[in-house]
Amino acid sequence: MRVWKLSLTAALSLGVFAALASLAYGQTEPAASAWTTARWSPYLCGAGIGVICWFTFLLSGTGIGASGAYAQTAGMIEAAIRGKDRVWNRTFYSDTGPGVDWLWMVVAGVIVGAVISSLAAGSFQWMLLPPLWEQAFGPGAVHRLAVSFAGGMLLGFGARLAGGCTSGHGISGALQLVVSSWMAAACFFIGGVITAFLIYP
Amino acid sequence: MLQTIRSNKSVQLVFGLLMGVCFGFFLDRAGVDRYEVILGQLLLRDFTVLKVMGSAVIVGMAGFFAMRRLGWVEYQKTHGSVGATIPGGLIFGVGFGLLGYCPGTMAAAMGHGALDALIGGLPGIILGSWLYVISQKFWQSTAERIIPFGDITFDELFGVSRWKAALTCAGILVALFIALELAGY
């Protein structure tokens, strides 16, 4: 019974993916294979993400997200270092403690999906410095890593205080017309635009 | 049937992974897992991020409200307050500008080999999340109590039907896209 359900879910998801991929194929130039075209129309990709939301709301009862997975990871790391008791008592985690949940698997999947996409398009490349950054600030690795680390910390903390990130609020919450989600998404961009203009005047 | 699927943990984990793979694939093909594209958006030169998010909202909304009408799906709304949502959003925004990825696109960036996401951003975001987790009680008794507005939606706020609110929202987004395309972005 369980195997049957698993394969049904897998087949259904792959079906949607294949349908969307073939849709995209029709829209790109016939000479180039859509599979190896590095960039697709942003509207098409957005629509695909919207369809993913249909399936997650229907079959998992929730929309897509990302940031919560990092809080689970933080709890799992702390539990491994300091022992379960301290972490399990925190109100943030449910009675079962931090662990690999649905959202954690979504984020793990995002990494896999991007690996597949970039390998197929030939755009996979280990790269420490984004070209735009290197042009402006030179080849120093320490600066970029320090700024990335600080940025990551603010992202993690801010997402938890606001109750979600660009996916959870900006897509899943926004599509349900939730006021807090639109307010959060607006603040993400206000903070981001100000910061970007300060970095690249 | 739906309840059986939703409550089966192993099915959910496999399904979550599959949905994540599709999500990551689209993020990478849209290019929004690139530092240049995110900074381009924040510097208001390249509107790819808004186009992706806006079309996801329009398409997602159509399916969500149709399925809600059929009774297949339920709302999953986040509560907010002026004291937590706005500062939290702004702090997130500063991190967004510094790192050049958001939590979802950072995972996708790791997938195409971005080491600044893997070595810098990932430990940072885990530490930042942890800092909130250990101080959650403090924020719950301070920031989150400043002008809380719960999980109200726009249709409730303006006292209009869901369909009217959804169509207005979709209309505004489509108008924005047309304006962006006409302006050559």
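Note that the coordinates shown come from a computational prediction; the quantities given were computed from them, not determined experimentally.

Q: If you had to explain the overall build of chain B to someone new, which residues and values would you point to?
A: For chain B, the count of helices and strands is 9 helices and 2 strands. Listing every helix and strand of chain B by position from the N terminus yields α-α-α-α-β-α-α-α-β-α-α. Taking the principal axes of its C-alpha atoms as reference, chain B extends roughly 50 × 45 × 40 Å. Each of the 185 residues in chain B was classed as buried or not, and the buried ones make up 55%. Contacts spanning at least 24 positions in sequence make up 61% of the contacts within chain B whose residues lie at least 6 apart. Summing over all exposed atoms, chain B offers an accessible surface of approximately 7400 Å²; the carbon and sulfur share of this is 69%. Side-chain charges of chain B comprise 13 positive and 11 negative groups, with the mean position of each set lying 8 Å from the other.

Q: Now, about the environment of Trp54 of chain A: what can you tell me, with residues and values included?
A: Mapped onto the elements of the fold, Trp54 of chain A is located in helix H2 (residues 42-60). Among the residues examined, Trp54 of chain A registers a relative accessible area of 31% and is labelled partly exposed. Separated by 13 residues in the primary sequence, Trp54 of chain A and Ser41 of chain A place their C-alpha atoms 20 Å from one another. Beyond its immediate stretch of four places on either side in the chain, Trp54 of chain A contacts Val59, Gly60, Gly63, Phe64 and Met67 of chain B.

Q: Account for the interface of chain A and chain B, with residues named and values stated.
A: Facing the 126 residues of chain A at the interface are 128 residues of chain B. Taken together, the two surfaces of chain A and chain B that pack against each other cover about 11400 Å², and 76% of this comes from carbon and sulfur. Taken together, chain A and chain B are joined by 1 salt bridge. Among the salt bridges present, the one from Asp116 of chain B reaches Arg144 of chain A, with a minimum N-O distance of 2.7 Å. Residue composition of the side of chain A that touches chain B, grouped by class: 81 nonpolar, 36 polar and 9 charged.

Q: Give me the lowdown on the state of the cysteines, citing residues and values where you can.
A: Taken as a whole and assessed by the stated rule, the structure comprises 0 disulfides over all chains. This cysteine, Cys45 of chain A, is not joined by any disulfide, and Cys22 of chain B carries the nearest cysteine sulfur, 12 Å off. Cysteine Cys22 of chain B is unpaired, with the sulfur of Cys53 of chain A as its nearest cysteine sulfur at 12 Å.

Q: If you had to explain the UniProt feature "transmembrane region" (unreviewed entry) in chain A to someone new, which residues and values would you point to?
A: Residues and elements named next belong to chain A. The UniProt record marks residues 102-129, 141-162 and 182-200 with the feature "transmembrane region" (unreviewed entry), using the residue numbering of this structure. Taken end to end, residues 102-129 is 71% helix and 0% strand, and its first and last C-alpha atoms sit 32 Å apart. Its end C-alpha atoms 27 Å apart, residues 182-200 is made of 95% helix and 0% strand.

Q: Could you give me a rundown of helix H6 (residues 103-111) of chain B, with the residues and numbers involved?
A: All names here are of chain B. Judged by how many residues are buried, H6 sits mostly within the fold: 9 of 9 residues are covered. Among all positions of H6, only Pro103, Gly104, Thr105, Met106, Ala107, Ala108, Ala109, Met110 and Gly111 are buried. Where H6 terminates, the next one or two residues include Gly113, which has phi positive at roughly 100°.

Q: How would you summarise a nonpolar patch on the surface if you had to cite specific residues and measurements?
A: Together, Ile190, Ile194 and Leu198 of chain A together with Leu90 of chain B make up a nonpolar patch on the protein surface, roughly 390 Å² of accessible area in all. Top contributing element to the nonpolar patch by residue count: helix H9 (residues 179-199) of chain A, with 3 residues. Within the secondary structure layout, Leu90 of chain B lies in helix H5 (residues 82-99). Exposure remark for Leu90 of chain B: the relative accessible area of 32% places this residue in the partly exposed category.

Q: Tell me what's going on with the side chain of Asp28 of chain B, and back it up with residues and numbers.
A: Following the sequence through the fold, Asp28 of chain B ends up in helix H2 (residues 9-30). Buried charged residue Asp28 of chain B carries no salt bridge. Nearest counter-charge: Arg34 of chain B, at 4.0 Å.

Q: Describe the side chain of Ser129 of chain B, naming the residues involved and giving the relevant values.
A: Structurally, Ser129 of chain B is set in helix H7 (residues 115-141). Not counting residues within four places of it along the chain, the set of residues in contact with Ser129 of chain B comprises Tyr70, Ala71, Gly156, Phe157 and Arg160 of chain A.

Q: Before we move on, could you go through the packing of aromatic side chains and cite the residues and values that matter?
A: Evaluated as defined, the whole model comprises 23 aromatic pairs over all chains. Seen from their ring centres, Trp35 of chain A and Phe25 of chain B are 5.6 Å apart, and the 20° between their planes marks the pair as stacked. One end of the pair, Trp35 of chain A, is in the loop between helix H1 (2-27) and H2; the other, Phe25 of chain B, is in helix H2, on a second chain. Relative to Tyr132 of chain B, the ring of Phe157 of chain A has its centre 6.0 Å away and its plane inclined at 70°; by these criteria the two rings are edge-to-face. In this pair, Phe157 of chain A is assigned in helix H7 (residues 141-162) and Tyr132 of chain B in helix H7, connecting two distinct chains. Exposure remark for Phe157 of chain A: the relative accessible area of 16% places this residue in the buried category. One aromatic cluster in this structure is built from Phe92, Tyr93 and Phe157 of chain A together with Tyr132, Phe138 and Trp139 of chain B. A cation over an aromatic ring shows up here: Lys84 of chain A above the ring of Trp88 of chain A, its NZ or CZ 4.9 Å from the ring centre. Against the face of Trp35 of chain A rests Arg29 of chain B, its NZ or CZ located 5.8 Å from the ring centre.

Q: Explain the packing of H6 of chain B against H7 of chain B to me, and be specific about the residues and the numbers.
A: All names here are of chain B. Contact geometry of H6 with H7 gives a least axis separation of 10 Å together with a crossing angle of 150°. In terms of crossing hand, the pair formed by H6 and H7 is left-handed. Together, Pro103, Met106, Ala109 and Met110 of H6 and Ala117, Leu118, Gly121, Leu122 and Ile125 of H7 make up the contact between the two elements.

Rules and cut-offs
Residues numbered from 1 in each chain as written. Chains lettered and ligands numbered in written order. Predicted model: local features only at pLDDT ≥ 70, side-chain atom pairs only at ≥ 80, totals over all residues. Heavy atoms only, no water. Helix = DSSP H or I, 4+ residues; strand = E, 2+ residues; numbered from the N terminus. Buried < 20%, exposed > 50% of the residue type's maximum accessible area, 1.4 Å probe, protein only. Contact = heavy atoms within 4.5 Å. Areas by Shrake-Rupley, 256 points an atom, 1.4 Å probe, with all protein chains shown as cover. Lys, Arg positive; Asp, Glu negative; His and termini not counted. Charge placed at Lys NZ, Arg CZ, Asp CG, Glu CD. Buried area = accessible area lost by both parts, 1.4 Å probe. Salt bridge = Lys/Arg side-chain N within 4 Å of Asp/Glu carboxyl O. Nonpolar A, V, L, I, M, F, W, Y, C, P; charged D, E, K, R; others polar. Disulfide = S-S within 2.5 Å. UniProt positions renumbered as here; feature names shortened; annotations may be inferred. Patch = residues over 30% accessible without salt bridge, like charges linked within 9 Å, V, L, I, M, F, W, Y side chains within 5 Å. Phe/Tyr/Trp six-rings, centres within 6.5 Å; stacked < 30°, edge-to-face > 60°. Lys NZ or Arg CZ within 6 Å of the ring centre and 35° of its normal. Axes fitted to C-alpha atoms, helices over the stretch in contact; angles between N-to-C directions. Left-handed = near helix turned anticlockwise from the far one by under 90°.

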